[in-house]
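Each chain, letter by letter, is given below.
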Amino acid sequence: QVQLVESGGALVEAGGSLRLSCATSGRTFSSYVMAWFRQAPGKEREFAAGISRAGGNTYYADSVKGRFVISRENAKNTVYLQMNSLKPEDTAVYYCAASAALLRANGNPNTYDTWGQGTQVTVSS
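A. Seen up close, the overall build of the protein chain. In terms of regular secondary structure, the protein chain is built from zero helices and eleven strands. Its helices and strands in sequence order give the protein chain the pattern β-β-β-β-β-β-β-β-β-β-β, from N to C terminus. Summarising its shape, the C-alpha atoms of the protein chain cover approximately 40 × 25 × 25 Å along the three principal directions. Across the 125 residues of the protein chain, 45% fall into the buried class. Surface summary for the protein chain: the accessible area is close to 6200 Å², and the carbon and sulfur share equals 48%.

What follows is the structure, given as structure tokens:
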């Protein structure tokens, strides 16, 4: 089972950009479907983006489509989330998630079996 460690969260002004990273341990990173979720205070955890094992297929929530890009480097055991044109409503703790069983990424957090500790993203208006 992989372990996930997120980094890159920060305070940024609206319209700015951030890149989150999720570094993983273990030798089987390429066998995991990966995703980014986020959770704002008082709200449920929601899907932001997902990526297939080889990186050829990506999936996005409507709220981030066109602004966020998920990518992965299997040789570096890392998945990224490039966030552009950030809005105050993007403020949340962002979590990296992994699944060895899924055929493709989806938005149900219960289908992911490994989670990172989260990284805080705050977007000021």
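B. Region of the structure containing the pattern of salt bridges. Enumeration according to the criterion identifies five salt bridges in this entry. When the shortest N-O distance is used, the salt bridge between Glu-73 and Lys-76 registers 3.8 Å. Residue classification places Glu-73 among the partly exposed positions, given a relative accessible area of 33%. A relative accessible area of 54% places Lys-76 in the exposed class. Each of the salt bridges in this network shares a partner with another, and the network as a whole consists of Arg-38, Glu-46, Arg-67 and Asp-90.

C. Spatial organisation of the side chain of Ser-52. Assignment of secondary structure puts Ser-52 in the loop between strand 5 (46–51) and strand 6 (58–60). At 3.2 Å, the side chain of Ser-52 forms a polar contact with the backbone nitrogen of Gly-56. Excluding residues within four positions of it along the chain, Ser-52 makes contact with Asn-57 and Arg-72.

D. Highlighting the packing of aromatic side chains. Taken as a whole, this structure holds five aromatic pairs when the rule is applied. Relative to Trp-115, the ring of Tyr-95 has its centre 6.4 Å away and its plane inclined at 80 degrees; by these criteria the two rings are edge-to-face. Of this pair, Tyr-95 sits in strand 9 (residues 92–99) while Trp-115 sits in strand 10 (residues 114–115), and the two are 20 residues apart along the sequence. Judged by relative accessible area, which is 14%, Tyr-95 ranks as buried. In textbook terms, an aromatic cluster arises when at least three aromatic residues are bridged by ring pairs, as seen for Phe-37, Phe-47, Tyr-95, Tyr-112 and Trp-115. Cation over ring: Arg-45 sits above Trp-115, and NZ or CZ is 4.7 Å from the ring centre. Of note, Arg-72 hangs over the ring of Phe-29, and the distance from its end group to the ring centre comes to 4.4 Å.

E. Expanded view of the pairing of strand 4 (residues 33–39). In terms of burial, strand 4 is a largely internal element, six of the seven residues being buried. When strand 4 meets strand 9, the two strands line up antiparallel, connected through seven bridges. Bridge pairing links Ala-35 to Ala-97 in strand 9. Judged from the five bridges that link them, strand 4 and strand 5 form a sheet pairing that is antiparallel.

F. Broad picture of the pairing of strand 9. Across the eight residues of strand 9, seven count as buried, placing the element largely inside the fold. In this sheet, strand 11 (residues 119–124) lies alongside strand 9 in antiparallel orientation, the contact comprising three bridges. Bridging from a neighbouring strand, Ala-92 pairs with Val-121 of strand 11.

Criteria and thresholds
- Residues numbered from 1 in each chain as written.
- Predicted model: local features only at pLDDT ≥ 70, side-chain atom pairs only at ≥ 80, totals over all residues.
- Heavy atoms only, no water.
- Helix = DSSP H or I, 4+ residues; strand = E, 2+ residues; numbered from the N terminus.
- Buried < 20%, exposed > 50% of the residue type's maximum accessible area, 1.4 Å probe, protein only.
- Areas by Shrake-Rupley, 256 points an atom, 1.4 Å probe, with all protein chains shown as cover.
- Salt bridge = Lys/Arg side-chain N within 4 Å of Asp/Glu carboxyl O.
- Polar contact = N/O pair within 3.5 Å; in protein donor to acceptor, adjacent residues only side chain to side chain.
- Contact = heavy atoms within 4.5 Å.
- Phe/Tyr/Trp six-rings, centres within 6.5 Å; stacked < 30°, edge-to-face > 60°.
- Lys NZ or Arg CZ within 6 Å of the ring centre and 35° of its normal.
- Pairing = 2+ DSSP bridges.

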